[in-house]
Amino acid sequence: MVLTPQRIGVVGAGMMGSEIALVFAMAGFDVRLNDAGPDRLDAALANLAKVLDKGAGRGLWPAEMVAPTLERIRPTTELADFADRDFVIEAVFEDEAVKAEVFRRLDAVCTADCLLASNTSSISITVLSSALPPGRRPRFLGTHFFSPVSRMKLVEVIPGLDTASDAVEQAIAACTAAGKTAIRVKDVAGFAVNRLLHAFLIEAMRLAEEGVATPADLDAACRLGLGHPIGPFEMMDLVSNSLVLQVQEVMADAYGDRFRPPPLLKQMVKAGYDGRRAGRGWHVAKGGVG
Ligand SMILES: NC(=O)c1ccc[n+]([C@@H]2O[C@H](COP(=O)([O-])OP(=O)(O)OC[C@H]3O[C@@H](n4cnc5c(N)ncnc54)[C@H](O)[C@@H]3O)[C@@H](O)[C@H]2O)c1
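To start, this report covers the structure provided alongside it. Treat the numbers as computed from the prediction; the structure is a model and nothing was measured.

### As for the packing of aromatic side chains
Phase 1 of the analysis: Within the structure shown, the criterion is met by six aromatic pairs.
Phase 2 of the analysis: Centre to centre, the rings of Phe 24 and Phe 145 are 6.5 Å apart; their planes meet at 70 degrees, and the pair counts as edge-to-face. In this pair, Phe 24 sits in helix 1 (residues 15-26) while Phe 145 sits in strand 6 (residues 140-145), placing the two residues 121 residues apart along the sequence.
Phase 3 of the analysis: Ring geometry for Phe 233 and Trp 282: centres 4.9 Å apart, planes at 70 degrees, overall edge-to-face. With Phe 233 in helix 9 (residues 232-239) and Trp 282 in the segment after helix 11 (263-270), this pair connects stretches of sequence that are 49 residues apart. Take Phe 233 and Trp 282: they sit in the same class, and that class is buried.
Phase 4 of the analysis: In this structure an aromatic cluster arises from ring pairing among Phe 24, Phe 29, Phe 87 and Phe 145.
Phase 5 of the analysis: In this arrangement the basic side chain of Arg 195 is found over the ring face of Tyr 255, its NZ or CZ atom lying 4.5 Å from the centre.

### Quick notes on the pairing of strand 1 (residues 7-11)
Phase 1 of the analysis: With four of its five residues buried, strand 1 lies for the most part within the structure.
Phase 2 of the analysis: Here strand 1 runs beside strand 2 (residues 30-34); their pairing, made up of five bridges, is parallel. Opposite Val 11, over in strand 2, you have Asn 34 as the bridge partner.
Phase 3 of the analysis: Where the polypeptide runs from strand 1 across helix 1 and back to strand 2, its parallel neighbour, the crossover connection is right-handed.
Phase 4 of the analysis: Here four bridges tie strand 1 to strand 4 (residues 87-90), and the two strands are oriented parallel to one another. What sits directly across from Val 11, in strand 4, is Glu 90.

Cut-offs used in this document
- Residues numbered from 1 in each chain as written.
- Predicted model: local features only at pLDDT ≥ 70, side-chain atom pairs only at ≥ 80, totals over all residues.
- Heavy atoms only, no water.
- Phe/Tyr/Trp six-rings, centres within 6.5 Å; stacked < 30°, edge-to-face > 60°.
- Helix = DSSP H or I, 4+ residues; strand = E, 2+ residues; numbered from the N terminus.
- Buried < 20%, exposed > 50% of the residue type's maximum accessible area, 1.4 Å probe, protein only.
- Lys NZ or Arg CZ within 6 Å of the ring centre and 35° of its normal.
- Pairing = 2+ DSSP bridges.
- Right-handed = clockwise from strand over helix to strand, strands pointing away.

Below, the structure is given as structure tokens:
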């Protein structure tokens with residue numbers, strides 16, 4: 001029988017980490033959410049309250065669920081508070097050194113049985129696990145959630161070279177209990193979904209570069225002609241163009257020219273057209289190029 005972890009910890013209360021905490025809290029798990037400063041935690045919880053209220057307003061869940069769900073997420077700026085956690089998911093900045101430092105600190109605090117996972121989009125799980133002592137590596141793996149986590153059902157579960165099979169099964173059990181469908185994916189650059197997604201995004205940008213159609217029309221084409229819920233340029237604005245570029249650079253390094261980021265994307269990022277958070281991007285605000 002697979003023992004499902006019950007006490008969840010999430011490090012990083014940004015766009016991904018806060019909603020990862022939310023889906024576990026909605027499923028009844030006890031959750032601790034860590035970020036570097038109290039302001040980030042306050043902002044994350046205020047945003048989660050809005051997400052919950054909006055869902056209740058749309059009839060996605062009962063309004064009575066909102067307050068108890070929020071109460072199950074206890075914020076903390078101290079990783080020492082993670083000593084009793086069974087499963088800790090890291091969702092800090094996409095930077096190998098920052099993540100490695102978080103895992104070294106978690107290793108010092110967490111019990112030997114605690115499962116440690118990274119939500120990285122582009123860093124190898126096996127490489128990240130090398131920040132941990134060899135004895136911890138069998139309990140370390142990747143759990144790649146998708147944005148917005150409260151709506152996207154998939155999680156890619158990625159074992160590294162040293163990950164034990166019971167750790168994979170426990171992570172899958174916890175994600176399943178949180179309402180997600182987990183698929184097991186090998187530790188290759190881009191895992192499975194980003195390989196598919198970025199081939200598609202790169203082709204969309206090439207079409208825009210060649211002037212075949214505008215970003216706005218290409219988004220309409222994907223929504224209306226392919227049945228996608230969101231167009232490729234809308235999606236890049238949402239996740240940030242700098243993250244798209246970062247992932248494509250890693251994938252180009254791994255697979256060569258087929259994932260080379262288009263010059264237009266590099267130009268956009270360098271000029272500060274980073275998407276929704278920057279207030280300008282392919283579509284966003286007046287400065288959008290779409
Ligand atoms: N944005 C996406 O669509 C998406 C999708 C899948 C995976 N990811 C991955 O998820 C991770 C987080 O992405 P995001 O978009 O939520 O980023 P974000 O910038 O919104 O949030 C990162 C958070 O981590 C916090 N943080 C940074 N260093 C920390 C530390 N040492 N200790 C505690 N907190 C720290 C920051 O204060 C910030 O609140 C990244 O690895 C990213 O690649 C992102």
